[in-house]
Amino acid sequence: MAAVTAAMVKELRSATDAPMMDCKKVLVEADGDMAKATELLKERGIAKAAKKADRVAAEGLAGIVIADDFSKATVVEVNSETDFVAQNEGFQNLVKDTAQEVYASQPADVAALMASPFGTTFTDTVTKIGEKIEVRRFGTLTADATTALNGYIHSNNRIAVVITAKCDSEKTAEGMRAVLKQVAMHTSAMKPTTLSYKDFDAAYVASETVGRIEVIKKDNEELARLKKPLKNVPQYISMSQLTEDVLAQAETDIKADLAAQGKPEKIWDKIVPGSLARFISDNTTLDKEQALLDQNYVLDEKLTVAQAVEKAAKELGGTAEITEFIRLEVGEGIEKAEDDFAAEVAAQMG
């Protein structure tokens with residue numbers, strides 16, 4: 001008799017969504033024959049949610065759990081194949097249960113979650129629903145007495161955000177919770193991928209710089225053809241590129257331009273700061289798009305998110321600085337193959 005290994009059980013479970021013990025049982029009965037074991041599961045109605053290699057779970061829902069005392073928050077993403085199933089009450093309850101389980105047990109990763117007793121419950125529920133469903137990812141943030149925490153889930157239940165900020169006192173932390181709810185809403189809408197420009201890899205910034213400048217140049221060719229004002233072509237795209245030497249040279253260039261315009265030197269001090277700020281703004285487009293702290297705050301676009309949080313904390317008589325955030329959007333980054341109906345029919349006819 002062939003030995004049934006843990007790897008074989010895992011492979012069968014992955015292919016059928018059947019409970020682990022059922023997979024082991026049929027593998028023993030089938031003497032390790034994977035195809036025969038799969039058929040046994042189907043015959044017994046255990047694998048009616050069987051997975052197929054070409055099925056992609058890119059729909060689904062996000063879930064969120066926030067502690068009553070704002071000491072911890074968890075977000076999860078559970079994927080389904082179709083939006084129709086995502087509207088199913090059984091699926092919605094499964095997402096809520098998954099979020100509660102992750103919040104309570106804090107598994108290290110998805111594999112650990114699915115290896116727990118909850119994993120069996122999850123796969124049993126999937127079998128009843130009858131579609132490919134999987135936990136894609138999750139995350140949890142915690143807060144101590146001087147850390148503010150809050151979160152937000154969008155009305156479509158497809159985007160969930162949790163965020164924390166380190167404060168100077170418990171009083172400030174408590175007062176900042178409402179602000180963080182607003183920042184979480186901003187994060188939901190503006191899709192930052194990282195906290196600060198300091199997190200960007202230098203090679204990524206260099207690659208993005210070349211690409212973005214080329215796009216603007218091509219846009220300007222069309223604008224010139226239409227005899228419209230041209231876009232400014234930046235030299236840089238991130239604060240990480242604006243070294244002391246770069247900023248010093250920018251200031252020198254600004255002063256040279258003022259001199260060329262015949263502006264009196266005695267008023268330069270009033271003009272240079274604003275011009276330098278515009279130079280920085282024009283040359284940090286990557287930061288504004290992808291780094292949360294550097295984005296223009298949707299509730300006050302004159303301020304960055306970092307400045308808005310600092311201002312709100314100051315009004316409370318303290319200080320606060322965002323330290324972490326997690327943003328999950330259902331299906332983000334998943335490439336969903338287009339259905340080829342003709343090919344599917346041809347395959348079945350063959």
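The structure under discussion appears in the preceding block.
Conventions used here
- Residues numbered from 1 in each chain as written.
- Predicted model: local features only at pLDDT ≥ 70, side-chain atom pairs only at ≥ 80, totals over all residues.
- Heavy atoms only, no water.
- Pairing = 2+ DSSP bridges.
- Helix = DSSP H or I, 4+ residues; strand = E, 2+ residues; numbered from the N terminus.
- Axes fitted to C-alpha atoms, helices over the stretch in contact; angles between N-to-C directions.
- Contact = heavy atoms within 4.5 Å.
- Salt bridge = Lys/Arg side-chain N within 4 Å of Asp/Glu carboxyl O.
- Buried < 20%, exposed > 50% of the residue type's maximum accessible area, 1.4 Å probe, protein only.
- Expected span 1.5 Å × (residues − 1).
- Arc of directions from axis to C-beta.
- Core = buried A, V, L, I, M, F, W, Y, C linked by side-chain atoms within 4.5 Å.

J.: Tell me about the sheet that holds strand β2 (residues 72–80), residues and numbers included.
T.: One open sheet holds the three strands; their spatial order is β1-β2-β3, and the pairing between them is antiparallel. In the strand order of this sheet, the two ends are held by β1 (59–66) and β3 (133–142), each with one partner. Across this sheet, the average inter-strand angle for adjacent strands is 15 degrees, counted without regard to direction. Across eight bridges, the pairing between β1 and β2 is antiparallel. Bridged to Gly60 within β2 is Asn79. Contacts between helix α5 (residues 89–105) and the sheet are confined to β1, β2 and β3, with β2 contributing the most and set at about 140 degrees to the helix. Relative to the sheet, helix α7 (residues 117–129) contacts β2 and β3, its axis offset from that of β3 by approximately 140 degrees.

J.: Describe the pattern of salt bridges, and please don't skip the residues or the numbers.
T.: The final tally for this structure, using the stated rule, is 13 salt bridges. One salt bridge in this structure joins Arg225 and Glu222, with 2.6 Å as the shortest N-O distance. Here the residue Arg225 and the residue Glu222 both occupy positions in helix α9 (residues 202–225), the gap between them amounting to three residues, near one helical turn. Through salt bridges with shared partners, one network takes in Glu77, Arg136, Arg137, Arg327, Glu329 and Glu332.

J.: Please provide a residue-by-residue account of the pairing of strand β5 (residues 159–167), values included.
T.: The buried count for β5 comes to eight of nine residues, which makes it a mostly enclosed element. With seven bridges joining them, strand β4 (residues 147–153) and β5 adopt antiparallel strand pairing. Looking across to β5, one finds that Asn150 is bridged to Ile163. A loop of five residues connects β4 with β5, the two strands running antiparallel in sequence, and Asn157 in this loop sits at a positive phi of about 60 degrees. Sheet analysis places β5 next to strand β8 (residues 320–329), joined by nine bridges and oriented antiparallel.

J.: Got a sec to walk through helix α11 (residues 268–282)? Specific residues and values, please.
T.: Given a rise of 1.5 Å per residue, 15 residues ought to cover 21 Å, and the 21 Å separating the end C-alpha atoms of α11 matches this to within 8%. Buried within α11 we find Trp268, Val272, Ser275, Leu276 and Phe279. For α11, the arc enclosing every buried residue in end-on projection is 105 degrees, short of the 170-degree limit, so these residues lie on one face. Set apart from the buried face of α11 by more than 90 degrees, the exposed residues are Lys270 and Arg278.

J.: Account for the nonpolar core, with residues named and values stated.
T.: In terms of nonpolar packing, the biggest core is built from 25 residues, with Ile163, Met176, Val183, Leu292, Val305, Val309 and Ile322 touching the most fellow members. Of all the elements in the fold, those that place two or more residues in this core are β4, β5, α8 (170–190), α13 (305–315) and β8. Sorting elements by how many residues they give to this core places α8 first, with six residues. With sequence-adjacent residues up to four places away left out, Leu292 is seen in contact with Ile163, His186, Thr187, Pro192, Thr194, Leu195, Val305, Ile322 and Phe325. One finds Val65, Val76, Val102 and Phe118 within the second-largest nonpolar core, a separate group that totals 21 residues.

J.: Any chance you could break down the pairing of β2 for me, citing the residues and the numbers?
T.: The element β2 is extensively covered by neighbouring structure, given that nine of its nine residues are classed as buried. Across the two faces of β2 the burial is the same, with Lys72, Thr74, Val76, Val78 and Ser80 and Ala73, Val75, Glu77 and Asn79 all buried. Counting the residues that bridge the hairpin from β1 to β2 gives five residues, and of these Phe70 lies at a positive phi of roughly 60 degrees.

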